[in-house]
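Here is what each chain is made of, one letter per residue.
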Amino acid sequence: MTVPIISFPPVRRLGPDDLKRCVALSVDRGWSPEQAKWSLLLAASEVFGVDAPDGRGLAGAVVLTRWAADYAAVGMMLVAARYGRRGLGRALMEHVLHAAGDDATVTLFATDMGRPLYEKLGFAAVRRNVSFVGRFRPSRAALPAALPAGSPAGSPGSVRPAAEADLAAILALDRAAFGADRGQILTRLPALADQVAVFAAGGPAGTGVAGYGAAWRVAPALTVIGPLVAPDGEAAKRLVEALAARARTPVRLDLDPDRQELPGWAHARGLEPAGRTVVMARGELTPRGTPGRLFTPISVALA
């Protein structure tokens, strides 16, 4: 069967006025609408798209988020179902890579469907990712207010809701762990997230922010916990426990299955492996920050 040749309009930068078109494109591909996430990306990232030749919304879109002059993430690579297999995905990826810069390292989360294209464009697998989803079962009826100093269970400290005054500490902590500035996203997170919590070091009276996490609704029936940054696995678990306890829906954790701290624990708490992707990178992925303190991404749209 011969695929008809279609002439697409040029790639253009999308803006807030394109929100409904972006949401409709997600729905077209069977994704959740995620209007709040699209609003965030249109405000804080660079969203590129191609208008549909038939006048019905967008034929495709892709998002570039810059973390540094030489470091960026690509996400939300979508092509409308009726325009698949016509080279539009490759054209969008080539456009966004050119926008990122030839010397920039670019990362993304790849599905099995998208991976062959990304490999042709020079991306290589870096690590695996598994989405654990389900109704979270607390490990015990009530969590202690804090771990005693010197406890072998992990860093001493307490989990509490984040306050506005914690933002500077959260940004500094995240920058040290991630190795680049994610402030353009994180400063907007309180308006998007249902909850933001911090792990305050030093017991009940501790005020130093040693970790933080956020929980935000990505669909009517699903809450994603991310980002999650903590000094160790036990502190990360306590942040998840606190955030999941207040979630009214099943939760999702995107975890590296080759790390020991959380995958087995999450499964024991009722979360089942529900999807697998691969983190890929194009360019030299030099060591940055303290990766051991990064437990979940902000979103799979923001590798």
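All values derive from a computational prediction rather than experimental measurement. As a convention, each chain's residues are numbered from 1 in the sequence order in which they are written. The predicted nature of this model means local features are confined to residues of pLDDT at least 70 and side-chain atom pairs, given and counted, to a pLDDT of 80 or more, with totals for whole chains, interfaces and linings taken over all residues. Neither water nor hydrogens contribute to the side-chain values; these are computed over all heavy atoms in the structure.

**Thoughts on the side chain of Lys237**
- Along the chain, the position of Lys237 falls in helix 8 (residues 233-245).
- Any pair of N or O atoms that falls within 3.5 Å is considered a polar contact. Within protein, one atom must be able to donate a hydrogen and the other to accept it, and sequence-neighbouring residues count only if both atoms are side-chain atoms. A distance of 3.2 Å separates the side chain of Lys237 from the side chain of Glu234, its partner in a polar contact.
- Discounting chain neighbours no more than four positions away, the residues touching Lys237 are Glu261, Leu262 and Trp265. Only DSSP runs of H or I covering at least 4 residues are called helices, and only runs of E covering at least 2 are called strands; the numbering of each starts at the N terminus. In what follows, residue pairs with any heavy atoms lying within 4.5 Å of each other are defined as contacts.

**Concerning unusual backbone geometry**
- Cis geometry marks the peptide bond from Gly226 to Pro227; its omega dihedral reads 0°.
- When you line up the elements, Pro227 lands in strand 10 (residues 222-229).
- Positive phi values are uncommon outside glycine, yet Met76 reaches one of about 55°.
- Along the chain, the position of Met76 falls in strand 4 (residues 71-79).
- Unusually for a residue other than glycine, Arg85 sits at a positive phi of about 60°.
- Looking at where Arg85 falls in the secondary structure, it is placed in the loop between strand 4 and helix 3 (88-100).
- The cut-offs for exposure are 20% and 50% of the maximum accessible area for each residue type, with area from a 1.4 Å probe on protein chains only; residues under the lower value are buried, those over the upper are exposed, and the others partly exposed. The exposure class of Arg85 is exposed, given its relative accessible area of 85%.

**Considering the pairing of strand 3 (residues 58-68)**
- Along strand 3, nine of the eleven residues are buried, which leaves the element largely enclosed by surrounding structure.
- DSSP bridges decide pairing: two strands pair if at least two such bridges lie between them. Strand direction decides the pairing type here: strand 2 (residues 46-51) and strand 3, joined by six bridges, are antiparallel. Bridge pairing in strand 3 links Val50 to Gly60.
- The antiparallel hairpin formed by strand 2 and strand 3 contains six residues in its connecting segment, where Gly55 sits at a positive phi of about 80°.
- Here seven bridges tie strand 3 to strand 4, and the two strands are oriented antiparallel to one another. Counted as the bridge partner of Ala68 is Tyr71 from strand 4.
- Counted between consecutive antiparallel strands, the loop separating strand 3 from strand 4 contains two residues.

**Focus: the pattern of salt bridges**
- In the sections that follow, a salt bridge refers to a side-chain nitrogen of Lys or Arg positioned within 4 Å of a carboxyl oxygen of Asp or Glu. Under the counting rule described, the total for this entry stands at 17 salt bridges.
- Put simply, Arg66 and Glu46 hold a salt bridge, and the shortest N to O gap is 2.4 Å. Here Arg66, found in strand 3, pairs with Glu46, found in strand 2; they are 20 residues apart in sequence, far enough to count as distant.
- You can call Arg66 partly exposed: its relative accessible area is 33%.
- The exposure class assigned to Glu46 is buried, which follows from its relative accessible area of 16%.

**Side note on the nonpolar core**
- Trp38, Trp67, Met93, Tyr118 and Phe123 are the most contacted members of the largest nonpolar core, which has 71 residues in total.
- Sequence-distant contacts of Met93, defined by excluding residues within four places in its chain, comprise Val62, Val74, Met77, Leu108, Leu117, Tyr118, Leu121 and Phe123.
- Put simply, a nonpolar core is a bunch of buried Ala, Val, Leu, Ile, Met, Phe, Trp, Tyr and Cys residues held in one set by side-chain atoms that sit within 4.5 Å of each other. Core analysis: the next-biggest nonpolar cluster, separate from the first, contains 25 residues, Ala197, Ala210, Leu228 and Ala244 among them.

**Some thoughts on the pairing of strand 4**
- Burial of strand 4 is extensive: nine of the nine residues sit out of reach of the surface.
- Where strand 4 and strand 5 (residues 105-110) come together, three bridges link them in parallel fashion. Bridging from a neighbouring strand, Ala73 pairs with Thr107 of strand 5.
- With its strands directed away from the observer, a crossover is right-handed exactly when the path from the first strand over the helix to the second travels clockwise. In the classification by handedness, the crossover that spans strand 4, the intervening helix 3 and the parallel strand 5 is right-handed.

**A short note on the packing of aromatic side chains**
- We call Phe, Tyr and Trp rings a pair once their centres come within 6.5 Å, taking the six-membered ring for Trp, and we label the pair stacked below 30 degrees between planes, edge-to-face above 60, and tilted otherwise. Per the counting criterion, the structure on display carries five aromatic pairs.
- Ring centres of Tyr118 and Phe123 lie 6.0 Å apart, and the angle between their planes is 65°; this geometry places the pair in the edge-to-face category.
- Note on Tyr118: relative accessible area 8%, which makes it buried.
- Through a chain of ring-to-ring contacts, the aromatic side chains of Trp67, Tyr71 and Phe178 assemble into a single cluster.
- Arg182 extends its terminal NZ or CZ atom over the ring of Phe178, reaching a point 4.2 Å from the ring centre.
- Criterion for a charge above a ring: Lys NZ or Arg CZ within 6 Å of the ring centre, and within 35 degrees of the ring normal. When the ring centre of Phe295 is taken as origin, the NZ or CZ atom of Arg259, which lies over that ring, is 4.6 Å away.

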